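Inside the fold
Next come the chains, spelled out residue by residue.
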Amino acid sequence: MRGVIEQSVVERCEDVDKEKKKRRRPRRAKQNASASAMCSSANEMPLEATECLENGGINYDTTSMSYSASKQRGSETNPLDNHGLHKASDVAFTSLPTMRLNEQTLNTEVESINNQHIFPSDPSRRKFSKSCPVPIDYQQSIQSVTNQNIPSPYQDEDCTPRRCFTPHWSIEAVSEALEKGNVFRASFRVNAHNRIEAYCTIEGVKTDVLISGVASQNRAVEGDIVAVKVDPISLWSKMKGSTGFSNNTGLTEDRNLLPDVTFVGDSWKGKNKVDVGFDFDHERNHFLLHEKGSPYEDNASSRENVSREPMGHYRVNGHHPPVSGPSHFSNMDSLEEICAAIDSFPSKRPTGSVVAVIEKSLRRVAVIGFLSIRQWLSSCGLHRKGTKMNRHYLSPSDGEYIQLTPTDPKLPKMVVPVRGLPNCIKKRLDNGDASMEMELVAAQIIDWGEESSLPLAQVMHIFGRGGEIEPRIAAILFENAILPSEFSPESLSCLPPVSWKVPQEEFERRRDLRNLCIFTIDPSTATDLDDALSVEKLFDGNYRVGVHIADVSYFVLPDGFLDSEAQSRSTSIYLLQRKLPMLPPLLSENLGSLIPGVDRLAFSIFWDINVAGDVVDRWIGRTVINSCCKLSYEHAQGIIDGIFDSEDSKILGNDCPQLHGHFKLPDVIRSVKDLHAISKTLRTNRFNNGALLLDGVEVILLFDENGIPYDSSFSVQKDSNFLVEEFMLLANRTAAEVTSKAFPDNALLRRHPEPNLRKLREFEAFCSKHGLELDTSSSGRFHHSLEQIRVKLKNDTVLFNILLSYASRPMQLATYFCTSDLKENKNGWSHYALAVPLYTHFTSPLRRYPDVIVHRILAAAIEAEELYIKQVAKMRKVKNWEEVRCFTGIHFDKNAAESVEGRKSLSVAASKHQLPCTEVLVNVAAYCNERKLASRHAKDGCERLYMWVLLKKKEILLSEARVLGLGPRFMTIYIHKLAIERRIYYDEVEGLTTEWLDATSTLVVNLSINKCSYWRGNQGKYRRVEDVAWVIPPCLKQEADAFEGTVDKWGATSVGRDNVASMGPSCTTESGVSDANEIEPSFFPLTVRTLSTIPVVLHAVGGDDGPLDIGARLYMSSYYG
């Protein structure tokens, strides 16, 4: 469906607007004299819309727009694969149409929209939002839009539609060009700071391709998979930070910025125990408010020699990027040529343009934003006034549109047909309710034709006020296609009753471990206990350590309703004040959880470990256990530190762990101490073998009894965390080894590729510039170098934590994969940070679906081993073969696996346990990767929300900040108290002067006494000093210091000319952050260099009137303020 949007600008009545138009006319005449003479206001609209799209700073009235559509050939969707099973990509998005290149149909879109008031990935099709109780007839609303026969505003006098974009190539042309290497398949990512810049990652090319300007982006949206045509090398842009003359230095920023990509690392999964610092699948810094641009690779925030042209076209290094048809090919006709050019010209970045959208991003159907209601109401008033004089104007009922501004800066502004709005919104519009502008709405892009400068969107429902917590959380979940916590009746029917107990036949099939001292170590508030530990000292001096994992696969059977829902959710999601479980609470918190004092089914792995930390033997099997107690991390740490022993149990009272069975507290204490000693040896060996740890302090929010944040603090991993972590890592490695050898084509593993080499070199260069030696030739040497830097910076922990975070940024994401996918590249199976060849997830089946799959594969390997042993023992008439472990033991018997009996045993076991075929497992791995990333985005979004709520409640926060990046327009700062990065823009500020000393990379900021600055650009872009700096007279600061006795834990006092509460963190000397009372304002002139420490003021931005953000200003003092 292709849409044509008619946009016309009504002349404003205000004198100010008339003056602005007078000033604009000469510029337009110079740009295009002939066009100026003949253009109507409608013909000028593409430029206005483009400008608004690009910088969001230009106001225009959208009064009457019309939309027409033509059907294209359709595409059919089939939710089942060839094997009759749901593909992973179909499970969570069953209500969404399959999106292929140029194959959308009107009927498919209407069906999708009809289903969108149901939560996108909800199998039971329950209603998600109750904010709009009036039923929405999307079929009628879409038809009312598409049936209008309204001429396009982008038409010349001969009625020929005027295009804003180059047509996308056909499927056949793209396929042919991809095969020849003339265009490349790439992921499309937009710079959050500057939407006209986007980057594309091409597999096999180490440097991302810059897609500059809306014309070159050609209607691609964040997350799309696109076909990219790479420009000739003469059009490539200058790489950020490269030396040489630039004719656009005003657009080049952050010249001394640290390598500007995303933090990676693991996140808090609710248990803080597995893969911390090793998995690199989540951002380490959870409070970064999309200030780093692209979330995976290069930050496009530094403008790389990009200049503007009229009509939304842009230049790269002074040249127009070519956007041509498939018959026109540039010199970059192969992957080898591009890579060779990058190696030959390392200071240049490849540029290109989008020629087609191959796969449409799910972001298109999950847009969150605000409607510009006041603008629309004002336009309607002018419109009705103008219809008396111009009969060509359309009435509001015929073709009115409202602008929608997404909360995600990576998405373009959109237009929404009024006729297609839900009835509850229409009624409020009829009543002139301008408060509707403060409501968050959910929308989806339904069309973006080449004749339209902005995409056409359809509003699906309302969440509520943008400044309230619950609507924001609902929007976060919707945006990431995350299911609400309710489970379908069909999935709940798969569960046993609450009174369920371990059946007698399971005792006969499994090893009974109820007489073994087994216990759990978890956060004190944890309810999903999926792992337990045990240890025994053997007669030969070795220790037998056991890891016992909840046997979830016993309850979650393949292809059942519960299995489908678990696969759809893929992972439990922890959102600070709530949890969205992967499995129903009856299973995850009761029947499947390893609750102390009750019999539970488990998967157990035992290792015999000698004093050197070497595993000399192992056993794997299904068991029945009975945990004797639940220890918290604090309990375990107290035992390790020697401050908690059996004699202290009476003193501890209620805090003492409750024991079950015949084991006593001394038994548990002895086991914890033995496990701690063994874990230290394992940890030392692991780092000696090349493991890398990038684990810094984590900021956590503190909540009051009402669930409102009131403070933040730091969380640091301790020995009790490391104790559990070591044995969980060992269990995951063991499961990976067994499953990949038993089923080499159908194992589900987890890989972590080597870091991005270019970004690693940038980080090395930065450290070298500041006198810090860094060796990144291997993961082990990288770790050793960081430990040396830690010692060197022992008096500057803030700087070390910053470096540690930035050291994580070159790391790539760890991902699940099916072994058959990388059968020809087994070196690609390895895990870089762990420095191990094989790794998977096995230890958290209550909250991760891949672990359930691994359990099934491991169960099949155990079953195959038993079948093989019975067959061989029967054939050879050999007794005592029960102890032979050919598939699960420490030495894998390859000959046995490849024998006729072995292959038959493995095949029978795989069929019995319904292991997924290769194709299905590939889809499952891809979908779990997608859901894991979505859960990270949801968690980060929720943390940003609560951080915003904290600052909104406290009004402002005084804090120290370190300058990470510096340039002539803005600086990037790091606030350690909140572990966030912000930007402070100081260009084009009335009453403020800045001097950039390029030779020394120094910035000097000063007040202008006459407050009259002459800057380039539009005078309307001037900002006030108050937007950049909070300036207070010294006398008020002295009064605040003298006003003692009223400072709360945040240091709230009445200071400042606006009587605004100022905040500073309470005493946090251990973290290197000054107390609020110790933070002094700086004085003008302010001289700033990279890594300088400066005082800043933080405050909440947005809410009811826009996207959530945290603003930062300089904290200054001056008699002239």
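Everything quoted here is computed from the prediction, not taken from an experiment.

The next thing to look at is the overall build of the chain. Within the chain, the regular secondary structure consists of 29 helices and 39 strands. The buried share of the chain, taken over its 1121 residues, is 60%. Roughly 45,700 Å² of accessible area belongs to the chain as shown, and the carbon and sulfur atoms make up 50% of that amount.

Turning next to helix H12 (residues 423-430). Within H12, burial applies to Cys 424, Ile 425 and Leu 429. The buried residues of H12 all sit within an arc of 140° when viewed along its axis, so they share a single face. Among the exposed residues of H12, those oriented more than 90 degrees off its buried face are Lys 427 and Asp 430. Looking one or two places after H12, you find Gly 432, whose phi comes out positive at around 65°.

Generally speaking, a soluble globular protein has its nonpolar side chains buried in company with each other. Among the nonpolar cores identified, the biggest contains 99 residues, and Phe 519 and Phe 727 are the most heavily contacted of them. Residue contributions to this core peak at 13 residues, all from helix H25 (residues 849-876). Leave out the neighbours within four places in its chain, and Phe 519 touches Ala 532, Leu 533, Ser 627, Cys 628, Cys 629, Leu 631, Val 668, Ser 671, Val 672 and Leu 675. With 51 residues, the next largest nonpolar core counts Ala 938, Leu 992, Val 1031 and Phe 1084 among its residues.

On to the pattern of salt bridges, then. Per the stated rule, a full pass over the model turns up 49 salt bridges. Asp 551 serves as the salt-bridge partner of Arg 622, at 3.1 Å between the closest nitrogen and oxygen. A residue pair is termed long-range when its members are at least 10 positions apart, and Arg 622 in strand E22 (residues 615-626) and Asp 551 in the loop between strand E18 (543-550) and helix H16 (561-569) qualify at 71 residues. Three or more residues joined by partner-sharing salt bridges are found here, namely Glu 506, Arg 509, Arg 510, Asp 551 and Arg 622.

Here we come to the sheet that holds strand E37 (residues 1086-1088). On the basis of which strands lie adjacent, the open sheet formed by three strands has the order E31-E32-E37 and antiparallel pairing. The open sheet has two edge strands with one neighbour each: strand E31 (992-997) and E37. The mean angle between the axes of side-by-side strands here comes to 15°, regardless of whether they run parallel or antiparallel. Across three bridges, strand E32 (residues 1002-1007) lies against E37 in antiparallel orientation.

This part takes up the packing of aromatic side chains. Evaluated as defined, the whole model comprises 13 aromatic pairs. Geometrically, the ring pair formed by Phe 703 and Tyr 946 is edge-to-face, given 5.2 Å between the ring centres and 85° between the ring planes. Pair noted here: Phe 703 is in strand E24 (residues 698-703) and Tyr 946 is in helix H28 (residues 918-954), with a separation of 243 residues, a long-range link. Ring geometry for Tyr 868 and Phe 887: centres 5.8 Å apart, planes at 35°, overall tilted.

Another point: the pairing of strand E2 (residues 197-202). The buried count for E2 comes to five of six residues, which makes it a mostly enclosed element. As paired strands, strand E1 (residues 184-190) and E2 are joined by five bridges and run antiparallel to one another. Note that in E2 the partner of Ala 186 across the bridge is Ile 202. From the end of E1 to the start of E2, which pair antiparallel, there are six residues.

The next thing to look at is the pairing of E24. Direction of pairing for E24 relative to strand E25 (residues 709-715): antiparallel, over a ladder of six bridges. Paired with Phe 703 across the two strands is Pro 709, which belongs to E25. The antiparallel hairpin formed by E24 and E25 contains five residues in its connecting segment, where Gly 707 sits at a positive phi of about 80°.

Moving on, we get to the packing of H16 against H28. Following both chains from N to C, one finds H16 and H28 inclined at 55°, their axes separated by 8 Å at the closest point. The angle between H16 and H28 places the two elements in the oblique class. Of the residues in H28, those in contact with Gln 567, Ser 568 and Arg 569 of H16 are Val 924, Tyr 927 and Arg 931. Its residues assigned to classes, the contact of H16 with H28 comprises two nonpolar, two polar and two charged.

Looking at the secondary structure, you find Ala 835 in the loop between strand E27 (815-818) and H25. Judged by its relative accessible area of 31%, Ala 835 falls in the partly exposed class. Sequence-wise, Ala 835 and Ser 778 are 57 residues apart; in three dimensions their C-alpha atoms are separated by 9.4 Å. Those residues within four positions of Ala 835 in sequence are excluded, and the remaining contacts are Asn 689, Gly 690, Ala 691 and Ser 779.

With that settled, consider the sheet that holds strand E9 (residues 352-359). Ordered by their spatial adjacency, five strands build an open sheet running E3-E2-E1-E4-E9, and the pairing between neighbours is antiparallel. Pairing within the sheet leaves two strands with one partner each, and these edge strands are strand E3 (209-212) and E9. Between one strand axis and the next, the sheet turns by 40° as a mean value, whatever way the strands run.

Glancing now at the side chain of Ser 488. With respect to the helices and strands, Ser 488 occurs in the loop between helix H13 (469-479) and helix H14 (489-492). Exposure remark for Ser 488: the relative accessible area of 7% places this residue in the buried category.

The subject of this paragraph is helix H24 (residues 797-808). In this model, H24 (twelve residues) spans 17 Å end to end at C-alpha, consistent with the 16 Å of a helix rising 1.5 Å per residue. In terms of burial, H24 is a largely internal element, eleven of the twelve residues being buried. Within the span of H24, buried status applies to Val 798, Leu 799, Phe 800, Asn 801, Ile 802, Leu 803, Leu 804, Ser 805, Tyr 806, Ala 807 and Ser 808. Among the structural elements, helix H22 (757-769), helix H23 (779-792), strand E28 (956-966), strand E29 (970-975) and strand E30 (980-985) are those in contact with the buried residues of H24.

All right, on to the confidence of the model for the chain then. Here the chain averages 76 in pLDDT, while 69% of its residues score no lower than 70. Between the elements of the chain, mean pLDDT differs from a low of 31, seen in strand E34 (residues 1053-1055), to a high of 98, seen in E18. Here residues 242-278 is a poorly scored stretch, pLDDT under 50, and it has 172 contacts once near neighbours within four places are set aside; other chains count. Throughout residues 1013-1017 the model reports pLDDT below 50, and contacts reaching past four residues in sequence, or to other chains, amount to 16 contacts.

Attention now goes to the packing of H25 against helix H27 (residues 900-912). Taken N-terminus to C-terminus, the directions of H25 and H27 make an angle of 140°; their axes are 8 Å apart at the nearest point. The pairing of H25 with H27 is recorded here as oblique in orientation. Crossing of H25 over H27 shows right-handed handedness. Residues Ala 860, Glu 863, Ala 864, Leu 867, Tyr 868, Gln 871 and Met 875 of H25 lie in contact with H27, whose contacting residues are Glu 901, Gly 902, Lys 904, Ser 905, Leu 906, Val 908, Ala 909, Ala 910 and Lys 912. Within the contact of H25 with H27, the residues separate by chemical class into nine nonpolar, three polar and four charged.

This part is about unusual backbone geometry. Phe 1084 connects to Pro 1085 through a cis peptide bond whose omega is -5°. Tracing the sequence through the fold places Pro 1085 in the loop between strand E36 (1082-1083) and E37. Even without being glycine, Arg 219 reaches a positive phi, approximately 75°. Its location among the elements puts Arg 219 in the loop between helix H8 (214-217) and strand E4 (225-230).

Disulfide: a covalent bond formed between the sulfur atoms of two cysteine residues. Under the criterion given, the structure shown has zero disulfides. With no disulfide partner, Cys 628 has as its closest neighbouring cysteine sulfur the one in Cys 517, 4.0 Å distant. For the unlinked cysteine Cys 917, the closest cysteine sulfur is that of Cys 818, found at 9.0 Å.

Next up on the list: the environment of Ala 186. Note that Ala 186 resides in strand E1. Overall, the relative accessible area of 2% leaves Ala 186 in the buried class. Along the primary structure Ala 186 and Thr 201 are separated by 15 residues, whereas in three dimensions their C-alpha atoms are 5.2 Å apart. The residues contacting Ala 186, other than those within four sequence positions of it, are Cys 200, Thr 201, Ile 202, Asp 224, Ile 225, Val 226 and Val 228.

So, about the environment of Arg 349. One can find Arg 349 in strand E8 (residues 348-349). Taking the relative accessible area as the measure of exposure, Arg 349 reaches 3% and is therefore buried. Taking C-alpha positions, Arg 349 is 7.1 Å from Leu 210, a pair spaced 139 residues apart along the chain. Reaching out from Arg 349, the side chain makes a polar contact with the backbone oxygen of Asp 208 at a distance of 2.9 Å.

Calculation notes
Residues numbered from 1 in each chain as written. Predicted model: local features only at pLDDT ≥ 70, side-chain atom pairs only at ≥ 80, totals over all residues. Heavy atoms only, no water. Helix = DSSP H or I, 4+ residues; strand = E, 2+ residues; numbered from the N terminus. Buried < 20%, exposed > 50% of the residue type's maximum accessible area, 1.4 Å probe, protein only. Areas by Shrake-Rupley, 256 points an atom, 1.4 Å probe, with all protein chains shown as cover. Arc of directions from axis to C-beta. Core = buried A, V, L, I, M, F, W, Y, C linked by side-chain atoms within 4.5 Å. Contact = heavy atoms within 4.5 Å. Salt bridge = Lys/Arg side-chain N within 4 Å of Asp/Glu carboxyl O. Pairing = 2+ DSSP bridges. Axes fitted to C-alpha atoms, helices over the stretch in contact; angles between N-to-C directions. Phe/Tyr/Trp six-rings, centres within 6.5 Å; stacked < 30°, edge-to-face > 60°. Parallel < 35°, antiparallel > 145°, perpendicular 65-115°, else oblique. Nonpolar A, V, L, I, M, F, W, Y, C, P; charged D, E, K, R; others polar. Expected span 1.5 Å × (residues − 1). pLDDT = per-residue confidence, 0-100. Left-handed = near helix turned anticlockwise from the far one by under 90°. Disulfide = S-S within 2.5 Å. Polar contact = N/O pair within 3.5 Å; in protein donor to acceptor, adjacent residues only side chain to side chain.

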